[in-house]
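Given next are the chains, with one letter for each unit.
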Amino acid sequence: MRLFVGDDWAEDHHDVEVMDGSGRRLAKARLPEGVAGMARLHALVAQLSGEEIDEAEVLVGIETDRGPWVRALVAAGYTVLAVNPLQAARFRDRLGVSGAKSDAGDAHVLADMARTHAHELRPVAGDTPQAEAVKVVARMHKTLIWERTRHTQRLRHALRDYFPAALAAFDDLDAADARELLAKAPTPTQAARLTIGQISAALKRARRKNVADKATAIQAALRADHLGQPEVVTAAYAASVQALIAVLDVLNAQVKTLQGQVEEYFGQHPAAEIVLSQPGLGPVLGARVLAEFGDDPARYATAKARKNYAGTSPITRASGKKKVALARFVHNDRLIDALLTQAFSSLRLSPGARAYYDRQRARGCGHNAALRQLANRLVGILHGCLKTGTLYHEATAWSHHAESLAA
């Protein structure tokens, strides 16, 4: 017997509905999060199917693909279908146009989607614990980098409002010397009093080159005339800047610490050698690519399926006589960021990648479009290497394109 379960999850509970193949509701319940709730779900499935849990065919629709609850569902042998919230919202509109919404109603929608559209939904991948561990540290590492960028931008905006001389003096506000000097002298008056010796010492600790010239240029920029704010406002901004710098100091330290963890976990994965053989992928970038793709060997049946998931392959919009190919704007942001960075790095490391990129530019593609097409090609190469268990080989990877040009 096939059962279809809709699971609308919240932080502390799950609203579930179970229906049969005809769409008839068999049961609904609100289950607590955790072991007790999972035990009640298993008991409900066993009662409705009249079979043991491992003998029942159960498809579960849920709007997430991670967490202990999802892992427990997979471990129980259920087929877990991760539904995009946008898909669920669109499907809800098909069942009713009033705009009404409830947790129990969402569970019904998810169960009906699992019943009617299971063939079009992606099952949660059976990634190994090693891949999950890489994903945890790689995602947090990237998150902290994004947070560091946000705090650096906040620092820039604050300085622009009361201390524009600092923006002229420091090219990189997140650099160690800039953070040290701004923390020591966060107001224009204090900064103007910095001596060449103090500035030079900060530059040396940051391992800068041409210390004497840079120190002179920084001092001149800090002592130049600029519009300012009243003293009390300047003091308030200075306090804010010192707080931002303190946060940046912590973020920089933790980014460095987590980078070591990313490299350690990634280095222990069996596919690390194959991933690292790809042009443009180092330990950190390779870890991000592996983490976001996962390592379930059955997840991507073809290279095209992997490219579609990556978001590098184009989509086609056709209507009447009009047909256009467009970039995918709905994608995994972390994965596409890593793949485009790899494509850019591969331009100086792989002659084949460079030639492929140049051909796209010669056809009239802009830099971003050509880079995206190169990333798409590199995803296909990675797929082939992972499927066959072979390392990247420059001549083999680009032989098809070399033969096409020769012809």
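Note: the structure precedes this text.
Rules and cut-offs
Numbers given to residues run from 1 along each chain, matching the order in which its sequence is written. The predicted nature of this model means local features are confined to residues of pLDDT at least 70 and side-chain atom pairs, given and counted, to a pLDDT of 80 or more, with totals for whole chains, interfaces and linings taken over all residues. Each side-chain value is worked out from all heavy atoms of the structure, with water and hydrogens disregarded. Among the buried residues, those of types Ala, Val, Leu, Ile, Met, Phe, Trp, Tyr and Cys that are joined through side-chain atoms within 4.5 Å form a nonpolar core. Three labels apply to residues, based on accessible area from a 1.4 Å probe with only protein chains included: buried if under 20% of the type maximum, exposed if over 50%, partly exposed otherwise in between. Secondary structure elements are taken from DSSP: a helix is a run of H or I of four residues or more, a strand is a run of E of two residues or more, and numbering for both begins at the N terminus. In what follows, residue pairs with any heavy atoms lying within 4.5 Å of each other are defined as contacts. Lines fitted to the C-alpha atoms define the axes, with helices restricted to the stretch that makes contact. Angles between their N-to-C directions range from 0 to 180 degrees. The scheme is simple: roughly parallel for angles under 35 degrees, roughly antiparallel for over 145, roughly perpendicular for 65 to 115, oblique for anything else. Gly is placed with the polar residues, together with every amino acid not listed as nonpolar (Ala, Val, Leu, Ile, Met, Phe, Trp, Tyr, Cys and Pro) or charged (Asp, Glu, Lys and Arg). Each aromatic pair joins two rings of Phe, Tyr and Trp (for Trp, the six-membered one) with centres within 6.5 Å, and gets the label stacked for planes under 30 degrees apart, edge-to-face for over 60, and tilted for any other angle. The criterion for a charge sitting over a ring is simple: Lys NZ or Arg CZ within 6 Å of the ring centre, and within 35 degrees of the ring normal. Strand pairing is assigned whenever DSSP identifies at least 2 bridges connecting the two strands.

Chemist: Sorry if this is basic, but what is going on with the nonpolar core here?
Modeler: Proteins that are soluble and globular tend to have nonpolar side chains buried together. Formed by 43 residues in total, the largest nonpolar core has its most connected members in Val289, Phe293, Leu339, Leu374, Ile381 and Trp398. Elements with a minimum of two residues in this core: helix 5 (129–162), helix 11 (231–267), helix 12 (272–276), helix 13 (283–293), helix 15 (333–346), helix 16 (351–362) and helix 17 (367–388). If one sorts the elements of this core by residue count, helix 17 sits on top with 9 residues. Residues within four places of Phe293 in sequence aside, it is in contact with Arg299, Tyr300, Arg306, Tyr309, Ala310, Leu335, Leu339, Val379 and Leu382. Counting 29 residues, the second-largest nonpolar core is a separate cluster that includes Ala165, Ala169, Ala191 and Val241.

Chemist: It is not clear to me how the packing of helix 15 against helix 17 should be interpreted in this structure. Could you clarify?
Modeler: Each pair of packed helices can be summarised by the angle the axes make with each other and by the distance between the axes. At their nearest, the axes of helix 15 and helix 17 sit 8 Å apart, and the two run at 100° to each other. By the criterion of interaxial angle, the relationship of helix 15 to helix 17 is roughly perpendicular. When helix 15 is examined against helix 17, the residues Leu339, Leu340, Gln342, Ala343, Phe344 and Ser346 are found in contact with a partner set consisting of His367, Leu371, Arg372, Leu374, Ala375, Leu378 and Val379. A breakdown of the residues in the contact of helix 15 with helix 17 according to their chemical character gives 9 nonpolar, 3 polar and 1 charged.

Chemist: Mind showing me how you'd approach the packing of aromatic side chains here?
Modeler: A full pass over the atoms with the stated rule returns 6 aromatic pairs. When the centroid spacing of 5.7 Å and the interplanar angle of 85° are considered together, the rings of Phe293 and Tyr300 count as edge-to-face. Residue class for Tyr300 comes out buried when judged on its relative accessible area of 1%. Connected via pairs of aromatic rings, a cluster forms that spans Tyr162, Phe163 and Tyr237. Across from the ring centre of Phe293, 4.9 Å away, lies the NZ or CZ of Arg306, which sits over that ring.

Chemist: Explanation requested: the pairing of strand 4 (residues 57–62) in the structure shown.
Modeler: For a regular strand, side-chain orientation follows a simple rule: the groups alternate between the two sheet faces. For strand 4, a buried count of 5 out of 6 residues is recorded, marking the element as mostly surrounded by other parts of the structure. Here strand 1 (residues 2–9) runs beside strand 4; their pairing, made up of 6 bridges, is parallel. Bridge assignment links Gly6 to a residue of strand 4, and that residue is Gly61. Relative to strand 5 (residues 79–82), strand 4 is paired through 4 bridges, and the arrangement is parallel. Looking across to strand 5, one finds that Leu59 is bridged to Thr79.

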